[in-house]
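Descriptive analysis of the structure
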Amino acid sequence: MKKVQLIKIAHARSGDKGDASNVGLIARKAEYYPILREKVTPEAVKKHFAGICRGKVDRYELPNLCALNFLLREALGGGGTVSLRNDAQGKTMSTALLRMEIEVPDDLAISG
Amino acid sequence: MKQKEFIRIASGQGYWGDLPQAPYWQVSKGPTDYLVMDYLAEVTMSILQKQKSRDPKLGYAKDLLLVIEQILPIILEKNIKVITNGGGVNPQACRDAIFEIARKAGVKGLKIGVVYGDDIYGRIDQLLEAGHDLKNMDTGESLRTVRDRLQSANVYFGAFPIADALRQGAQIVLTGRATDTGLTLAPMIHEFGWSERDYDKLAAGIVAGHILECGGQSSGGNFLKDWRNVPDLANIGFPIAEAHPDGTVYITKHDGTGGLVSVDTIKEQLLYEIGDPREYITPEVIADFTSINLEQAGENRVRVFDIKGKPATDSYKVSMAYSDGFYAIGTLTYGWPDALEKAQAADKIMRQRLEDLGYKYDEFHTEFLGYNSCHGPLSPMPSELNEVVLRVAVRGKDREAIDAFGRQLVPLVLTGPPTVTGFGAGRPKPQDVVAYWPALISKELAKPVVEVTALK
């Protein structure tokens, strides 16, 4: 197994839903989707966002788009209009998730 | 009237403050049948409600008038219909202002439709007394807890009342609080005669609406996968939905414009601000985002098809805003060397001075721009920063405490760590916190009103 940062095998977009941040994680190639599905669990994401996400993490699968959708509850300092954060709407939570490292098989070719 | 083979619905604004030239580009750079523009964010209604309380002729998106002034001749010449929720809390006043523009331009017979009935601010006490608690969808609390601080309350209506206004011949439809997706779905209902039971087709229109509702964000803007290779963003073409009667939609943009429409740009937008993808709830239908198929059908052309939907719920969402204290935000820039260390020391000094003066806050939030304001504790410590911006922010119920915070910031320049600048904006002033209260209301309790008027 080797370690790979999610940004190499996925792209993402994030935004806000009240005090929850939504992060959509999309496999850069269809063959990466099962790996994302296996490794990027709600527990792993909650752990990754320690100190940012105070609530629970829900995960939804969109196999048709080779994508996962995460809802990070209590992650935006009270939400869009109350939040004092520079990123009150969670626009950069996408790349915060893409910092995460996961283990992948040694023979997985990474490109694109 | 013979049914059209397809219609082109163009997104002109993704939010109030979006690219001002986009609406004109959409009606002038290529064929368009409908122009849809979203102006309302969650707290916009409370700002508009305040404006209306000061002047009964205000309370709508004033920028819309500038757009209409610019595009009116061309939409009349090409018979392009305009649909927008820029009517805010006063679509009738917005209509009158547009009629005034048309009158000055010598236009006769212009038909404008307004959709209202969404504003339930004046009915809140009556609803509460009748036992409708309008509970907060997130916390479960009764609206009574913030009733005395409530600033606006609007029901999200959908596409059907807009389609009704189109049926009555409106050239421009102005709504109050309508869903962003409904603006795009409405012309499909109108042109193709879809009914409230055409769940899959309605869901297709909703998905098209979701793709269009943030303007350029589906046509190459904010595209994370490969932003460097998006051509000519300066002239970005906003997305256009080419809708067909069977519910198939092609997303495209005008020829010769910049930006990019690809399966990947559409995927990123589909995942934007959604919850459970199998249950995308709108007033018309529940759309299943896990049924969406995408296929690159040409250059800057994506086919969106096979979408499934199921019957809508029996309630509307209500968006309410209430006053919740004050906040202030201030920044100072610290230069090399030891920029971060100096900014951290300044933050500490400021906190101590305010504490010594006895001020308390619900929240005192510090970030260091250039180091951690985006990713917080996930940000690796850089070896050395050339400069860093200290950003401090406070929130609380006591306006005086917030004001005191403002008075303590700039003095740090001469009474704190060295080489600090960027205080040109002066003392940060207290601002109102407007908090959001989402709730549900039975569809029986809120009925849209549609009114189409011709300019005499």
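Whatever comes next refers back to the structure up there.
Computed from a predicted model, the values in this text were never measured in an experiment. As a convention, each chain's residues are numbered from 1 in the sequence order in which they are written. To read the labels, note that chains go from A and ligands from 1, taken in the order they are written. Note on the predicted model: pLDDT of at least 70 is required for a residue's local features to be given, and 80 or more for side-chain atom pairs to be given and counted; whole-chain, interface and lining totals, by contrast, use all residues. Computation of side-chain values: all heavy atoms of the structure, hydrogens and water removed.

1. Considering the overall build of chain B
Put simply, the rule reads: Elements are defined by DSSP. Helices are runs of H or I of four residues or more, strands are runs of E of two residues or more, and each kind is numbered from the N terminus. Only C-alpha atoms enter the radius of gyration; for comparison, a globular chain is expected to reach 2.2 Å times N to the power 0.38, where N is the number of residues. Burial classes follow relative accessibility: with a 1.4 Å probe on protein chains only, a residue under 20% of its type's maximum area counts as buried, one over 50% as exposed, and anything between as partly exposed. Here, two residues are considered to be in contact whenever any of their heavy atoms come within 4.5 Å of each other. All accessible areas in this document rest on Shrake-Rupley with a 1.4 Å probe, and a residue is counted as covered only by the protein chains that are shown. When charges are counted, Lys and Arg are positive and Asp and Glu negative, with His and the chain ends excluded. In this description, the location of a charge corresponds to atom NZ of lysine, CZ of arginine, CG of aspartate or CD of glutamate.
Across its full length, chain B holds 12 helices and 19 strands. Its C-alpha atoms give chain B a radius of gyration of 25 Å, near enough to 23 Å, the size a compact globule of 456 residues would have. The principal-axis extent of the C-alpha atoms belonging to chain B is close to 75 × 55 × 50 Å. The buried share of chain B, taken over its 456 residues, is 57%. Summarising the internal contacts of chain B: among those between residues at least 6 apart in sequence, 76% fall at separations of at least 24. Only carbon and sulfur atoms are counted for the fraction: they give 49% of the accessible area of chain B, which is about 19500 Å². Looking at charge distribution, chain B has the averaged site of its 50 positive side-chain charges lying 4 Å from that of its 59 negative ones.

2. As for the interface of chain A and chain B
Counted only if it meets this: By buried area we mean the combined loss of accessible area, with a 1.4 Å probe, across both parts when two parts are placed together. The salt bridge definition used is simple: a Lys or Arg side-chain nitrogen within 4 Å of an Asp or Glu carboxyl oxygen. The definition of a polar contact used here is a pair of N or O atoms within 3.5 Å, where within protein one atom must be able to donate a hydrogen and the other to accept one, and adjacent residues in sequence count solely through side-chain atom pairs.
Across the contact, 41 residues belong to chain A and 45 residues belong to chain B. Approximately 3600 Å² of surface area, both sides summed, lies buried where chain A meets chain B, with 59% of it carried by carbon and sulfur atoms. Across the contact surface, chain A and chain B share one salt bridge. For A:Arg13, the salt bridge is made with B:Glu268, and the minimal N-O distance between the two is 3.4 Å. At the boundary of chain A with chain B, the tally comes to 28 residue pairs in polar contact (both at pLDDT 80 or more).

3. Here we look at the packing of helix 7 (residues 180-192) of chain B against helix 8 (residues 199-212) of chain B
Residues and elements named next belong to chain B. Rules: To obtain each axis, a line is fitted to C-alpha atoms, and for helices this fit is confined to the stretch in contact; angles are then taken between N-to-C directions over 0 to 180 degrees. If an angle is under 35 degrees, it is roughly parallel; if it is over 145, roughly antiparallel; if it lies from 65 to 115, roughly perpendicular; otherwise it is oblique. Two helices cross in a left-handed way if the nearer one is turned anticlockwise from the farther one by less than a right angle. They cross in a right-handed way if the turn is clockwise.
Closest axis-to-axis distance for the helix 7/helix 8 pair is 7 Å, and the angle between their directions is 135 degrees. By the criterion of interaxial angle, the relationship of helix 7 to helix 8 is oblique. The way helix 7 lies across helix 8 gives a crossing that is right-handed. Mapping the contact onto sequence places Thr181, Thr184, Leu185, Met188 and Ile189 in helix 7 and Leu202, Gly205, Ile206, Ala208, Gly209, His210 and Leu212 in helix 8.

4. Some words on the sheet that holds strand 6 (residues 172-175) of chain B
All names here are of chain B. Put simply, the rule is: For two strands to count as paired, DSSP must find a minimum of two bridges between them.
Within the open sheet, the 10 strands sit side by side as 11-12-8-7-1-2-3-6-4-19. Their pairing is mixed. Across the chains shown, the open sheet's two edge strands, defined by having one partner strand only, are strand 11 (293-298) and strand 19 (449-454). Each strand axis lies, on average, 20 degrees off the axis of its neighbour in the sheet, ignoring direction. Sheet contacts for helix 8: strand 1 (7-13), strand 2 (34-37), strand 7 (240-243), strand 8 (249-252) and strand 12 (301-305); angle to strand 8, the most-contacted strand, approximately 10 degrees. Packed on one face of the sheet, helix 9 (residues 263-270) meets strand 8, strand 11 and strand 12 and runs near 150 degrees to strand 11.

5. Describing the packing of aromatic side chains
Residue and element names in this part refer to chain B. Note the threshold: Aromatic rings from Phe, Tyr and Trp, taking only the six-membered ring of Trp, are treated as a pair when their centres fall within 6.5 Å; an angle between ring planes under 30 degrees marks them as stacked, one over 60 as edge-to-face, and anything in between as tilted.
Here the structure, examined in full by the defined rule, presents seven aromatic pairs over all chains. Relative to Phe405, the ring of Phe364 lies with its centre 6.0 Å away and its plane at 80 degrees, an arrangement referred to as edge-to-face. Here Phe364 is found in strand 15 (residues 363-369), whereas its partner Phe405 is found in helix 11 (residues 399-409), with 41 residues between them in sequence. You can call Phe405 buried: its relative accessible area is 0%.

6. Notes on the sheet that holds strand 2 (residues 10-17) of chain A
The four strands are arranged 2-3-5-4 (chain A) in an open sheet whose pairing can be described as antiparallel. Only two strands of the sheet have a single neighbouring strand rather than two, namely strand 2 and strand 4 (57-62) of chain A. Strand-to-strand, the axes of this sheet are offset by a mean angle of 20 degrees, without reference to chain direction. In this structure, strand 2 of chain A lies alongside strand 3 (residues 20-27) of chain A, joined through eight bridges in antiparallel fashion. Along strand 3 of chain A, the bridge assignment pairs A:Asp16 with A:Ser21. Strands strand 2 and strand 3 of chain A of the sheet are contacted by helix 9 of chain B, whose axis makes an angle of about 30 degrees with strand 2 of chain A.

7. Section: helix 4 (residues 91-104) of chain B
Since the α-helix turns once every 3.6 residues, residues separated by three or four places project in the same direction. Inclusion rule: By definition here, a helix of n residues has an expected span of 1.5 Å times n minus one.
Between the first and last C-alpha of helix 4 of chain B there are 20 Å, a value that for 14 residues agrees with the 20 Å anticipated at 1.5 Å per step. B:Gly106 lies just past helix 4 of chain B and shows a positive phi near 75 degrees.

8. Some words on the packing of helix 8 of chain B against helix 9 of chain B
Residues and elements named next belong to chain B. The criterion, for reference: Note that Gly is not counted as nonpolar here; it falls among the polar residues with everything else outside the nonpolar set of Ala, Val, Leu, Ile, Met, Phe, Trp, Tyr, Cys and Pro and the charged set of Asp, Glu, Lys and Arg.
Two numbers describe how helix 8 lies on helix 9: the axes approach to 9 Å, and their chain directions differ by 95 degrees. Classified by the angle their axes make, helix 8 and helix 9 are roughly perpendicular. Seen from helix 8, the contacting residues are Val207, His210 and Ile211; seen from helix 9, they are Ile266, Gln269 and Leu270. Across the contact of helix 8 with helix 9, the residue classes tally to four nonpolar, two polar and no charged.

9. As for the state of the cysteines
Note the following rule: Note on terminology: disulfide denotes any pair of cysteine sulfur atoms within 2.5 Å.
Here the structure, examined in full by the defined rule, presents zero disulfides over all chains. The thiol sulfur of B:Cys374 is not disulfide-bonded, and the nearest other cysteine sulfur, from A:Cys53, lies at 18 Å.

10. Points about the nonpolar core
Formally: Among buried residues, the Ala, Val, Leu, Ile, Met, Phe, Trp, Tyr and Cys ones that are joined through side-chain atoms within 4.5 Å form a nonpolar core.
Formed by 52 residues in total, the largest nonpolar core has its most connected members in B:Ile251, B:Leu270, B:Phe289, B:Leu294 and B:Val304. Counting residues per element, this core draws most heavily on helix 8 of chain B, at eight residues. Setting aside its immediate chain neighbours within four residues, B:Leu294 contacts A:Leu65, B:Val263, B:Ile266, B:Lys267, B:Leu270, B:Val302, B:Arg303, B:Val304 and B:Phe305. With 36 residues, the next largest nonpolar core counts B:Leu40, B:Ala61, B:Leu174 and B:Ile240 among its residues.

11. Quick look at the pattern of salt bridges
Residue and element names in this part refer to chain B. Inspection of the entire model under this criterion finds 28 salt bridges over all chains. Linking Lys397 and Asp324 is a salt bridge whose minimum nitrogen-to-oxygen distance equals 3.6 Å. Residue Lys397 is found in the loop between strand 16 (387-396) and helix 11, and its partner Asp324 is found in strand 14 (residues 315-335); the two are separated by 73 residues along the sequence. One network of salt bridges, in which partners are shared, links Arg149, Asp324, Asp362 and Lys397.

12. With respect to helix 6 (residues 160-167) of chain B
Residue and element names in this part refer to chain B. Every buried residue of helix 6 is accounted for by Pro161, Ile162, Ala163, Ala165 and Leu166. Those residues of helix 6 that are buried lie in contact with strand 2, strand 3 (81-84), strand 4 (111-116), strand 6, helix 7 and strand 19. Looking one or two residues beyond helix 6, the residue adopting positive phi is Gly169, at roughly 90 degrees.

13. Concerning the pairing of strand 1 of chain B
Residues and elements named next belong to chain B. The buried fraction of strand 1 amounts to six of the seven residues, a majority that puts the element mostly inside the structure. Relative to strand 7, strand 1 is paired through four bridges, and the arrangement is antiparallel. If you follow Ala10 over to strand 7, its bridge partner there is Ile240.

This is a description of form; function is not addressed.
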